[in-house]
Amino acid sequence: MSALQRLFKFHGGVKPAYNKEASTGLPIAVAPTPTLLVIPLHQSIGGMPRPLVKAGDHVLKGQRIGGADGNASAAVHASTSGTVVAVEMRLMPHTSGLSALCVVVEPDGCDEWIARQPFDFRSASPTQTRDYLRDAGVVGLGGAVFPTHLKLNPGRQGKLDTLILNGAECEPFITCDDVLMRERAEIILKGAAIMREMLAAGRVLIGIEDNKPEAIAAMEVAARAANQAAGDEAMQVVSVPTRYPAGGAKQLIRVLTGIEVPHGKRSTDFGVQCFNVGTAYAVYEAIALGQPLISRIVTVAGNVGQARNYEALFGTPMRDLIAQCKPLPDSDRVIMGGPMMGLLMPADDVPVVKATNCVLVGSKRLFPPPPPEMPCIRCGECAKACPADLQPFEMYWFSRAKIFGKAQEYNLFDCIECGCCAYVCPSHIPLVDYYRFAKSEIWAREVEKEAADVARERYEFRLLREEREKQEKAAKLAAKTAAGREKAAAAIAEAAKPAATPEEDAKKALIAAALERAKAQKEQVHPENVSNLTPEQEAEVAAIEARRAEIREMAKPHLRQDD
Amino acid sequence: MNNSPYFLKPASVQSVMVRVLLALLPGIATYVWFFGAGILVQIALASVTALAAEAVMLRLRGKPLMLFLSDGSALVTAWLIALTFPSIAPWWLTVLGTLLAIVVAKHLYGGLGQNPFNPAMVAFALMIVAYPLLMSQWPRVGATDFAVQWDAIFGNRQVLDAVTMATPLDALRTVLRDPEQRAMIGGVLGGKATFGNVGGRGWEWIAAGYFLGGLYLLQQRIITWHMPAAFLATLFAVSGAFALYDADRFAGPGFQLFTGGAMLAAFFIVTDPVSGATTPKGKLIFAAGVAALTWVIRTFGAYPDGIAFAVLLMNIAAPLIDMYTQPPVFGHKDKRGDSQ
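On a predicted model such as this, the values are computed, not experimentally measured, just so you know.

So, how was this worked out
- Residues numbered from 1 in each chain as written.
- Chains lettered and ligands numbered in written order.
- Predicted model: local features only at pLDDT ≥ 70, side-chain atom pairs only at ≥ 80, totals over all residues.
- Helix = DSSP H or I, 4+ residues; strand = E, 2+ residues; numbered from the N terminus.
- Buried ≥ 20, exposed ≤ 12 C-beta atoms within 10 Å, placed from the backbone.
- Contact = placed C-beta atoms within 7 Å.
- Rg over C-alpha atoms; globule rule 2.2 N^0.38 Å.
- Pairing = 2+ DSSP bridges.
- Axes fitted to C-alpha atoms, helices over the stretch in contact; angles between N-to-C directions.
- Domains from an automatic or database assignment.
- Nonpolar A, V, L, I, M, F, W, Y, C, P; charged D, E, K, R; others polar.
- pLDDT = per-residue confidence, 0-100.
- Arc of directions from axis to C-beta.
- Core = buried A, V, L, I, M, F, W, Y, C linked by C-beta atoms within 7 Å.
- Expected span 1.5 Å × (residues − 1).

**So, the overall build of chain B**
The helix and strand tally for chain B stands at 16 helices and 2 strands. Within chain B, the proportion of its 340 residues that are buried is 52%. A separation of at least 24 residues holds for 73% of the contacts in chain B among residues at least 6 apart in sequence.

So, in structure tokens, the structure goes:
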């Protein structure tokens, strides 16, 4: 099957030590339910879900505890049945060490599900299906946790050429997709079939790096069965060369189809959409079994005696998983993800979340501190390794000098932060750190600039309004005095009777014209659009006013600076 | 604790520089074979001077001493200076050149990675302008008597006449300058008795040694093919075209490629990443520019070899070349990529 597929190369990439064997020896184990689950509400890209429960509530397994905030968000569910002990700020699994709102559930040990019902997506509208998946909390499980329902849209054409399942799993140490494909290939492909229908995709390519022969074999067997059942040849397993980051969505799309999806463009515009194999699995569970996303496969590897994959409930402290794997005494850190792109955890008791594909235990022996940073000698190794075809040393140069505009000119935002450049750098420069710094500085400046722009606009509008009010007052005054004069003039005319002099006529005409103008202006400025509003419109206006007030608050420091 | 990536490829500036030094060994060996061990004295002089100057400058600039001293970059500069200077140059010429390279061309511009000009070429250019005669006294092929060379280096220049001669490039220039002798160009270039078959006896073998070292650098992926290929191809094309036009006035490509510093330049000098262009297309333009300028200066200029000036001139242009040759990034290419 795979021999027929023409493959494409992506530029750059590296071949680090893979270290995958350690965690593939044993089958997936179900991680024990911890004594306390700390379930962060914000586990995906997009809006932060609103809490739907409060302390003291009893929740069932799979019960929605966080409602999606708008469409670009995904719901969050209780991973088991129990009692909500708190809805409070807890430390998040992120390097920054920030806290965010979490629902803390004390399991009751019953593990009692909500009523689960399959979702008949064939009789539902595409929008209904997408809403269902959003409320089932299905997000991309490759690590990016982008809400899946947003991607299950064929775009303008109404259909796609290719649905790609990403089983490349190029990061060292991580094997959660590998074992999932080995053990549950059939279910993954059932999920893929649902996705294919939703996307009206012509074919399904399943890209797997060739260092996973067992997974390839299992998926090929399942694909043959699926094709037989469907009576076509749509599903195709493709073995791709092992080279980090072949599992990057853009890189895999390129390898399998030759298409390069530019930064900021949708892949559906090119007739392709790409999902992680774990996501396909989650889609099947949600649609066919009615089970929302409450757990995932997590690789626990690194500085442990027995690396293994666990099916872990979201909210399980990473420490509990690590404890299952006999961590070695010299362990000194926990990384979420792999060694190339993983995030250093602020503590080992942060919870497993939807983005947790791997809990990597580190030590000085395994990940020695980098040798001292030397100056860049422009050797170009980084450019050779960059899978986005960037010139990393130029971006480094400008990021370091804080010439962010130039860094952007060198396509800083096309950088996928895969770490290849830093990995090969003979001067041991933490290049990716410089890019992260430059990106966050640019974002911060943009936010500041927007706030300042809004403040300036408001200030200019105020000046304009004051000017206008002044004019209106002047016009009113003029009208008053004109009326008085007219009276006086009439009295005088009555008394004297001689015809008005031409000068007076001219004056009167001027006054009349001014009156006319003032009247017209008054009519113009009368805010017609805020009368006769529906309650919805009024709410919207209130919301807008609230936002404006917020922006005013944000802009205050800048106005002060201006003063 | 550092951020991702948490492990690095075992690579270092030092290992790059050490392999560059290794790659110079075949050329040095043939140098010694044909022209005596004087070159080794020069290498030692330049190395000691470079390390001492580097240490002083690092101390003055408050930089970690051992980290930068051991990076090997000063040694590469030193060796290139020794190999481009006459091997029987007086000791102070080499020392002065090396000092200028390390102190002025490297550290006053900000040290490792910051120098806009190739330090070794700065040294060569300054010295040939300041001491044209001393920079033009090259050892005679086969005059390998170490004691005589030692004397020449450390003071006793009386013995020089017996051991020096003009380089092939110099001889060629002399012949071409005198219209009556022009007909002898064939004799100068092809006469085995004088200079050997291709680039001058001895010289062509040293060039072959550098070529071998260059292949090693390519194999080690320290340099890419762009620079040497563009340099050699351009020099070949330009000199070939003019030799076809008038073989009595212009030396052919074989001579141009295998004489003087051409081969050293192709693999070790234009390939200096710090002061050269870095994009693939930029590298081609940069090296082609150096080659074309080298030929022009060799043919029409007043100095025996034009590589140093050609490199410095192109160093100035390198940032501009890079700016205009940025390769398209992922997703912004016109055509689909190559099939695997």
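Let's pick the thread back up.
**Focus: the overall build of chain A**
For chain A, the helix and strand inventory stands at 14 helices and 17 strands. In terms of C-alpha radius of gyration, chain A reaches 32 Å, well past the compact-globule figure of 24 Å for 563 residues. Structurally, chain A occupies a C-alpha span of about 120 × 65 × 50 Å along its principal axes. By the burial criterion, 45% of the 563 residues in chain A qualify as buried. Sequence-distant contacts, at least 24 apart, represent 73% of the contacts inside chain A between residues at least 6 apart.

**Considerations on the sheet that holds strand 10 (residues 201-209) of chain A**
Residues and elements named next belong to chain A. Spatial ordering of the open sheet is given by 11-10-9-12, a layout of 4 strands whose pairing is parallel. Edge positions in the open sheet fall to strand 11 (235-240) and strand 12 (272-276), since each of these has one partner strand only. Taking each pair of neighbouring strands and ignoring which way they run, the sheet shows an average axis angle of 25°. Two elements, strand 10 and strand 11, share 6 bridges in a ladder whose sense is parallel. When the sheet's bridge partners are listed, I206 is paired in strand 11 with V237. Strands in contact with helix 3 (residues 176-199) are strand 9 (160-166), strand 10, strand 11 and strand 12; relative to strand 9, the strand with the most contacts, it is inclined by about 160°.

**Brief notes about the domain arrangement of chain A**
Domain annotation for chain A reports domain 1 (2-300) and domain 2 (442-562). Taken over C-alpha atoms, the centre of domain 1 of chain A sits 57 Å from the centre of domain 2 of chain A.

**Let's talk about the sheet that holds strand 6 (residues 76-77) of chain A**
Residues and elements named next belong to chain A. Taken in spatial order, the 3 strands make up an open sheet running 3-5-6, and their pairing is antiparallel. The strands lining the two open edges of the sheet, one partner per strand, are strand 3 (50-51) and strand 6. Across 2 bridges, strand 3 lies against strand 5 (residues 64-67) in antiparallel orientation. Looking at the pairing, P51 lines up with G66 of strand 5.

**Thoughts on the pairing of strand 8 (residues 99-107) of chain A**
All names here are of chain A. In this sheet, strand 8 lies alongside strand 2 (residues 37-40) in antiparallel orientation, the contact comprising 4 bridges. From the neighbouring strand, V38 faces strand 8, where its bridge partner is V104. Pairing geometry for strand 7 (residues 82-91) and strand 8, over 9 bridges, is antiparallel. Looking across to strand 8, one finds that V84 is bridged to V105.

**Here's the deal with unusual backbone geometry**
Residues and elements named next belong to chain A. Between Y244 and P245 the backbone carries a cis peptide bond, its omega angle lying at 0°. Counting through the fold element by element, P245 comes out in the loop between strand 11 and helix 5 (249-257). With phi around 50°, A200 is a residue other than glycine that occupies positive phi space. Structurally, A200 can be placed in the loop between helix 3 and strand 10. Classification of A200 as partly exposed rests on a count of 13 C-beta atoms within 10 Å. Positive phi values are uncommon outside glycine, yet K326 reaches one of about 50°. If you trace the backbone, K326 turns up in the loop between helix 7 (318-323) and strand 15 (331-336).

**Thoughts on the domain arrangement of chain B**
All names here are of chain B. Taken domain by domain, chain B holds domain 1 (11-165) and domain 2 (171-324). One C-alpha centre belongs to domain 1, the other to domain 2, and the line joining them spans 21 Å. Contacts between the two partners involve 29 residues from domain 1, matched on the other side by 27 residues from domain 2. Secondary structure elements with two or more residues in the side of domain 1 that touches domain 2: helix 1 (13-35), helix 4 (73-84) and helix 6 (119-130). When residues in the side of domain 1 that touches domain 2 are grouped by element, the largest group, 13 residues, is from helix 1. Split by residue class, the side of domain 1 that touches domain 2 holds 21 nonpolar, 7 polar and 1 charged.

**Points about the pairing of strand 15 of chain A**
All names here are of chain A. Sheet topology note: the strand 15/strand 17 (residues 358-363) ladder contains 5 bridges and is antiparallel. Counterpart to V334 in the pairing with strand 17 is V361. Direction of pairing for strand 15 relative to strand 16 (residues 343-344): antiparallel, over a ladder of 2 bridges. From the neighbouring strand, M336 faces strand 16, where its bridge partner is L343.

**Brief notes about the confidence of the model for chain B**
Overall, the predicted model of chain B reaches an average pLDDT of 87, with 89% of residues at or above 70. Note on residues 336-340 of chain B: pLDDT under 50 across the span, and 10 contacts to partners over four residues away in sequence or across chains.

**Observations regarding helix 1 (residues 126-135) of chain A**
Residue and element names in this part refer to chain A. Residues T129, R130, L133 and R134 constitute the buried set of helix 1. Taken down its axis, helix 1 places every buried residue within 140° of arc, on the same side. Among the structural elements, helix 2 (148-151), helix 3 and helix 6 (277-289) are those in contact with the buried residues of helix 1. Where helix 1 terminates, the next one or two residues include G137, which has phi positive at roughly 70°.

**Notes on the interface of chain B and chain A**
Frequently, the measure chosen for interface size is the accessible area removed from exposure when the parts meet. Taken together, the contacts link 36 residues of chain B with 49 residues of chain A. Per-class residue counts for the side of chain B that touches chain A are 16 nonpolar, 15 polar and 5 charged.

**So, the nonpolar core**
The biggest cluster of nonpolar side chains holds 254 residues, and the ones touching the most others in it are M219(A), F231(B) and V290(B). Ranked by residue count, the leading element in this core is helix 3 of chain A, at 13 residues. Not counting chain neighbours up to four residues away, the residues in contact with V290(B) comprise F231(B), A265(B), V270(B), A310(B), V311(B) and M314(B).

**Describing the environment of V179(A)**
Residue and element names in this part refer to chain A. Relative to the helices and strands, V179 is located in helix 3. Residues V179 and A222, spaced 43 residues apart in sequence, show a C-alpha to C-alpha distance of 14 Å. Those residues in contact with V179, other than ones at most four positions away along the chain, are T24, I28, I297 and N309.

**Let's talk about helix 4 of chain B**
All names here are of chain B. Here helix 4 contains 12 residues, and its C-alpha end-to-end distance of 17 Å stays within 8% of the 16 Å for a straight helix at 1.5 Å per residue. Within helix 4, 12 of the 12 residues are buried, which leaves the element mostly enclosed by the surrounding structure. Of the positions making up helix 4, those classed as buried are S73, A74, L75, V76, T77, A78, W79, L80, I81, A82, L83 and T84. On its buried face, helix 4 sits against helix 1, helix 2 (38-61), helix 5 (91-107), helix 6 and helix 14 (262-269).

**Some thoughts on the environment of L390(A)**
All names here are of chain A. Tracing the sequence through the fold places L390 in the loop between helix 8 (381-385) and helix 9 (392-400). The class of L390 is buried, set by 25 C-beta atoms lying within 10 Å. A sequence separation of 25 residues divides L390 from C415, and the C-alpha atoms of the two residues are 7.5 Å apart.

**Observations concerning the environment of F398(A)**
All names here are of chain A. Examined against the element boundaries, F398 turns out to sit in helix 9. When the 19 C-beta atoms within 10 Å are taken as the criterion, F398 is described as partly exposed. F398 sits 24 residues away from M374 along the chain, and the two C-alpha atoms are 17 Å apart. In contact with F398, not counting residues within four places along its chain, are I403, K406, A407 and Y410.

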